[in-house]
Each structure stands twice: as C-alpha cells, then as structure tokens.
Amino acid sequence: MIRTLKISAAVAIAGAFSVAQAATTCTDTPKQYGPITIKKVGNKCFAEIDADGEHHNEPATITTTETVDSVYYYRKNSATNAKQTIALPVYPSQGCKPTSTGANLSDIRRIYKNKDSVWTVLTNPVTTSSTGFEANRPYLIEFGERDSNGLYFKLGGKDCTFDLNTTDGAAVSKYSADPDPKSPTGLKGIWEFKGVYTTKTWDANDTERSHSYGLAGAGTIGKFVKAGTNASVPPMRAYLVYNSQGTMAKPAPGLSFASAADNSVLLPASIEVIEEGECFQEGDGIFEVKMINDKRVACIDGKSDARLQTLSIPEDVTVDSIAYNREFNIGQYSDVASTVVLPFDIAGGCLNSATQLYEIANIQNNQGSWAVYAVGYLNTMKANTPYFVVASKAQIEFNSSGWDGPCQYTLSTKNGINDAEFTADYNKNDGNQGLPGTWTFKGTYEKITFNESSKKGVYGFAGNSQGDNITAGQFIKAGTGATVPPMRAYLKYNSAGVLAKAAAGAEIAEEDLPETIVVKFLNTDGEETATGTMNTITGEITMDENKWFDMKGRMMNKKPTVKGTYYNKGQKVIIK
C-alpha cells in the first residue's frame, strides 16, 4: 500500500524535554548510536537509520538530544511491503508540518475475535486529522516505495527540524483483551503493544514468551505470530504481548485492582492484521483486506496505478465480500468481452447476473480461418483460472448471498494459475489444416511485457477496433513492447507442446501463424450467440454489434424484423 501521509501539525508529544525548533547538531564527523547515524551532507543534517545494517541489533541510545533536518529509515534486506512494526525516538519541532514519503503508518484500534472466532488486530491509518505522530509510540508501517537502499520511510518538511532522544524509552500502547461483549474472548487482562530500543530476545526461560507475538509479513498481509525460543525483535520495532495481570485504568487513591486469572491458554497461535477503512484509497496496493461495516472485504484494484503491481496472496485469506475495481469498457451499442483471472472460487448465485462468464472449449482452423470457441453462460468460477467475461455494467459485482446461502470467498495465489491447453491441429473439417504443437490460454498475476523473442506465438485480446486492420473481439499477434496487465489472460502458441501430434522436429515460422483469431461465443447448448477479436494492451474484446443469430445459433444476414427471440452480442434480444 502506498499512501502519502501528512502528519498533523498539532503533534502529540510524549516526554519532558523541549521540542522547540533548534539548530541542527551535525558535525563533519558522523555520530553513531547503534543503528542511527547522525550525518551531514552538504549543508543539511539528517538521521540515517539502517534497520538491517551491521549495527541493527545494537541498542539505539541517544541521551543527549540530536537535532536534524530530516529522518531517513530503510530496510535493505526486506523483500515484502507487508505491514511491519516501527518505533522512533523522533520529536518534530513545534509548528512543523512534517510529511512522510515512502511508507504509510497505522495505529492499532482494537484486538478482538470476529464473528468467525478469528483473532484480528484492527488498525487505522495515521492521518492529519486524527492522532498525528507521537515520538516513541509503536506503529505499524507499510512500505510502498523502494530506492537503492531498499524499502524506505522519510520524515521531512519545510522549516522542520527533528529532535532525537531515547531518554523516555519506547512507549507501550494498551488495549482491552475482551473489547466486544457480542464475541467474548474469555481473556481478562490486556494486550500491550511494546516498542523497544534494545533487542528483545525470548529464551526458553522467559515467562513472557508463551504469550508474546512478533509481526510476520505474509505477501501483502501482516500477521502476529507467537514468539518461538530465541526469537528476537531488533531495536526501533515492536511486539505484542498479552498481560493477564494488566488493567486499562489506574485505581483511585487508596484502592487497588484484584489480579486477573492467568487465562493465557485461550490465546491464539496467530492474529491477523486488518485495516479499517474504505477500498481503493490513495496509496492502496493491488490487494488489500479491510473491515468495512463490520465485514471483511477483499479490495482488488484493477483500475488505478496499483493495477500493475504483482498480485501475490501466498496464504489463504477468507473474506465476506469482494470489491473489484476494474472498469469494463461498455460501448454505446455493444457490450465488451474481456479476459479475467481471479484468485477465488465463485459459487452459484454469487456473481451478479449482469456478468456472464465463458471458458474456452477449443480452438479450430476451418479452411484457414482460425477461431476460438468459448462456451457460457457459466454460473460458477474456479479460482486462478482464465475466463472470458461479458459485463453489461461497468463494474463486476459479487453478491452477498448465493443459491446455497451466504457467499464467502477464500483468496490465494499459492498454487499458481490453471492455464487451459489445447491441441493446435484440431480441424473442424478433419483436413490437414492445423499446426503442430499446442495453444495455451494463459492467465497472469504480474504485468508481462513481450520482447522480440518472447512475443512469438503470443496473441492479445482486442477490446476496441483500431483502424482498418484490428477488429474488436479478436485475438491479435503481440508486437514488441506489448503488455498484459495482472488478472488478465492471453493466447500462446507452443510449437513443441506436449499435445502435439506432428512429426518430431516440426517447427512453425512466425509468419505461418494467423494474424488474428476470431472468438465465437456459444451458449451451453453449443449455439453461437456472438463473435468478437484480442487487444495486446487491454486484454478486452468488443462483440460485433452487427452479428445476429437465431435461437439455433445460425448467423443472420442482418438485424431481424420478424417477431421472436434472437442473440446479439451474446445477449438474448426479443424483437416485438
């Protein structure tokens, strides 16, 4: 998730020393405080925090305040932009309106068990209008930008300086362990989110280890997992711990709280991290899971700049609903077919009726004219499988209830994509007009750009007519530089495919492959209902609006005038 965060000018400051703007304290010789280096570059002073460098496990101890112009924190060995933890001894100067780049901060709102008894950490993004940024407070951080040093987070701002001092120590945020009476946890203590400025290591004798959790990144989703023996948390990060004796309030003078029972046997093995908010906010990634109106929603972005990020969901994620942000190109007079591959099953009745799915049945060569035959209308969809989709609305919508009850969706990309493969020598008239090798209808979860070598045998799907030579609804040969975005599909010819029946050593030159391949859409009875062609850029097809078919799939010369039911653009049309 990439969001530009402007931290509140009304900065909440924890600590006793002054945070008034002051002159910087850099010298020509860098100063080292464990993983923090105070250094001068030109006439600017900044704090460089290498969270994975040679000093990353040394204590971050600054007892005499250092003042800098900006703070630069980076993780050079991190390969994931999933949520991580951070705690910084950084105090913005009074009146400063600092901005952050490279990452997005969020704060824990509550820790609870949801209606499915899944333990969840619910977070809120840190914004200008709410809590601001507090020195020493532990946060969750989600990196969104990378430079030569790796993933990074930078604090700066016009007329700003930043004081660094660890005298007050890393802070602890506390949360009720039983916040929702509708879904009781059975725990009587509290959760503590603890920042550290020295390395925290749990050995076999550490009594805190059995109820402590470290944050482990998993694809684009974070998860707190129980600490194992010798697990550790480096300085300027944080961990979660259950305190059975903890309380959320201080007793009145002269009173004390009774100790809570140690019921840590009820603790989960792991706790998911979910952000509360709305889908498709500025800075969100291609895939986010959020709590919206007390429902877990998978937000899948196929429209904004995030659509070109690689979709990776290495572990099963179960949600109540899907929000898919992809605008389908609906023509004034014709619907548009597109390719799609999604990481979840769709049960009967869970796909809105305004959307029709088709799957490839075969690829045929009829006297030199190649055609893909796609069969619909499908009521279900298999995860990680490429399909054609015809939407009569600009957005695909998913229902909350299906034929067999509430719809629930489990998302994962861990098993890869189930590409569809077909023999290339299939011939409708049983003549020798096929090709040796195979055709594959290939889905992708990452952006693919074809070069001079890889483009051979590749066809994209045309969503719009382009000049006199490209008709919408056809597969078209990919040119050098052509791309296929994530969650789309393309057609690939493989001369050495395992389904081939050609003689050994048979090879097909690029010029022997067809320039375009028509797509014919059939209903479940095998009757043709529409034709169309494929765009190497968009992966879409527009059906030919002038093609009409009777109920037996026979193409008509023109739009019918006789009363009856016909097919046009894959839809049933009644002429009255």
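Please read these numbers as outputs of a predicted model, since none were measured by experiment.

What follows covers the overall build of the protein chain. From N to C terminus, the protein chain includes zero helices and 48 strands. Here the protein chain holds 576 residues, and 53% of them are scored as buried. For the protein chain, the share of sequence-separated contacts (at least 6 apart) that also reach a separation of at least 24 residues comes to 72%. Taken as a whole, the protein chain presents about 25,700 Å² of accessible surface, with 47% of it coming from carbon and sulfur.

Let us look at the state of the cysteines. The final tally for this structure, using the stated rule, is three disulfides. In this model Cys 26 forms its disulfide with Cys 45; the gap between the sulfur atoms is 1.8 Å. Disulfide Cys 26 to Cys 45: torsion about the S-S bond roughly 75°, handedness right-handed. Of this pair, Cys 26 sits in the loop between β1 (5–6) and β2 (31–33) while Cys 45 sits in strand β4 (residues 44–50); the two residues are 19 residues apart in sequence, bridging distant segments of the chain. Residue Cys 45 is classed as buried on the basis of its relative accessible area, which comes to 1%. Note that Cys 350 is cross-linked by a disulfide to Cys 407, the S-S spacing being 2.0 Å.

Moving on: the pattern of salt bridges. Working definition: two side chains of opposite charge can pair if their charged atoms are close together. Applying the stated criterion across every chain, the model contains 21 salt bridges. Put simply, Asp 284 and Lys 290 hold a salt bridge, and the shortest N to O gap is 2.7 Å. Taken individually, Asp 284 and Lys 290 each receive the classification buried, so the pair is uniform in this respect. Of the charged contacts, one joins Lys 303 and Glu 327 as a salt bridge, the two residues approaching to 3.1 Å between their closest N and O atoms. Here Lys 303, found in the loop between β25 (295–301) and β26 (317–319), pairs with Glu 327, found in the loop between β27 (321–325) and β28 (336–340); they are 24 residues apart in sequence, far enough to count as distant. The exposure class assigned to Lys 303 is partly exposed, which follows from its relative accessible area of 43%. Overall, the relative accessible area of 47% leaves Glu 327 in the partly exposed class.

Right, let's get into the environment of Ile 517. Take Ile 517: it is sitting in strand β42 (residues 516–522). Owing to a relative accessible area of 0%, Ile 517 belongs among the buried residues under this scheme. Sequence separation between Ile 517 and Lys 477 is 40 residues; the distance between their C-alpha atoms is 8.8 Å.

Let us look at the sheet that holds strand β5 (residues 66–68). An order of β5-β15-β8 is seen for the three strands of this open sheet, with the pairing classed as antiparallel. Edge positions in the sheet fall to β5 and β8 (90–92), since each of these pairs with one other strand and no more. Sheet twist, expressed as the average angle between the axes of neighbouring strands with direction ignored, equals 25°.

Turning our attention to the packing of aromatic side chains. Enumeration according to the criterion identifies 13 aromatic pairs in this entry. Each ring, one from Trp 191 and one from Tyr 213, has its centre 5.7 Å from the other, and the planes form 65°; the classification is edge-to-face. Of this pair, Trp 191 sits in strand β17 (residues 190–196) while Tyr 213 sits in strand β19 (residues 212–218), and the two are 22 residues apart along the sequence. The same class applies to Trp 191 as to Tyr 213, namely buried. Three or more aromatic residues link up through ring pairs in this structure, and these residues are Trp 119, Trp 191, Tyr 213 and Tyr 242. Between the NZ or CZ atom of Arg 110 and the centre of the ring of Tyr 112, over which it lies, the distance is 4.1 Å.

What follows deals with unusual backbone geometry. A positive phi is found at Met 236, a non-glycine position, where the angle reads about 65°. Along the chain, Met 236 falls in the loop between β21 (232–233) and β22 (237–243). We note that Phe 280 has phi near 60°; this positive angle belongs to a residue other than glycine. Inspection of the secondary structure puts Phe 280 in the loop between β23 (270–276) and β24 (287–292). Relative accessible area serves as the criterion here: at 28%, Phe 280 is assigned to the partly exposed category.

Looking at the element boundaries, Lys 194 is found in strand β17. A distance of 3.3 Å separates the side chain of Lys 194 from the side chain of Glu 208, its partner in a polar contact. Ignoring sequence-local partners within four residues, the contact set of Lys 194 consists of Ala 171, Val 172, Glu 208, Arg 237, Ala 238, Tyr 239 and Val 241.

In this section: the nonpolar core. Counting 35 residues, the largest nonpolar core has Phe 287, Ile 322, Tyr 324, Phe 344, Phe 398, Tyr 409 and Leu 411 as its most contacted members. Residue assignment for this core shows that the elements contributing at least two residues are β24, β25, β26, β27, β31 (387–391) and β34 (409–411). Other than its neighbours up to four places away in sequence, Ile 322 contacts Ala 298, Ile 300, Phe 344, Phe 398, Tyr 409 and Leu 411.

A word on the environment of Asn 104. Tracing the backbone through its elements, the reader meets Asn 104 in strand β10 (residues 103–113). The spacing of Asn 104 and Gly 283 is 179 residues in sequence and 8.3 Å in space, taken between C-alpha atoms.

Now for the pairing of strand β16 (residues 172–176). Side chains Ser 173 and Tyr 175 project from β16 onto a buried face, and the interleaved Val 172, Lys 174 and Ser 176 project onto a face without burial. Bridge analysis of β16 against β17 gives five bridges, and the strand direction is antiparallel. In the strand pairing of β17, Ser 173 is matched with Phe 193.

Counting through the fold element by element, Ile 111 comes out in strand β10. Each C-alpha atom of the pair Ile 111 and Asp 178 lies 8.1 Å from the other, and the pair is 67 residues apart in sequence. Leave out the neighbours within four places in its chain, and Ile 111 touches Trp 119, Thr 120, Val 121, Tyr 175, Ser 176, Pro 179, Trp 191 and Leu 240.

Let's shift gears to the side chain of Asp 163. Structurally, Asp 163 can be placed in strand β15 (residues 162–164). Here Asp 163 is buried and forms no salt bridge, its nearest opposite-charge partner Lys 31 lying at an N-O distance of 12 Å. Reaching out from Asp 163, the side chain makes a polar contact with the side chain of Thr 67 at a distance of 2.7 Å.

In this section: the confidence of the model for the protein chain. Predicted confidence across the protein chain gives a mean pLDDT of 78, with 76% of residues reaching 70 or more. Ranking the elements of the protein chain by mean pLDDT puts β1 last, at 30, and β2 first, at 96. Segment residues 1–21 is flagged for pLDDT under 50; beyond a separation of four residues in sequence, or across chains, it makes 79 contacts in the model. Contacts of residues 498–508 to residues separated by more than four positions or lying in other chains number 22 contacts, the stretch itself having pLDDT below 50.

What counts and how
Residues numbered from 1 in each chain as written. Predicted model: local features only at pLDDT ≥ 70, side-chain atom pairs only at ≥ 80, totals over all residues. Heavy atoms only, no water. Helix = DSSP H or I, 4+ residues; strand = E, 2+ residues; numbered from the N terminus. Buried < 20%, exposed > 50% of the residue type's maximum accessible area, 1.4 Å probe, protein only. Contact = heavy atoms within 4.5 Å. Areas by Shrake-Rupley, 256 points an atom, 1.4 Å probe, with all protein chains shown as cover. Disulfide = S-S within 2.5 Å. Salt bridge = Lys/Arg side-chain N within 4 Å of Asp/Glu carboxyl O. Pairing = 2+ DSSP bridges. Axes fitted to C-alpha atoms, helices over the stretch in contact; angles between N-to-C directions. Phe/Tyr/Trp six-rings, centres within 6.5 Å; stacked < 30°, edge-to-face > 60°. Lys NZ or Arg CZ within 6 Å of the ring centre and 35° of its normal. Polar contact = N/O pair within 3.5 Å; in protein donor to acceptor, adjacent residues only side chain to side chain. Core = buried A, V, L, I, M, F, W, Y, C linked by side-chain atoms within 4.5 Å. Lys, Arg positive; Asp, Glu negative; His and termini not counted. pLDDT = per-residue confidence, 0-100.

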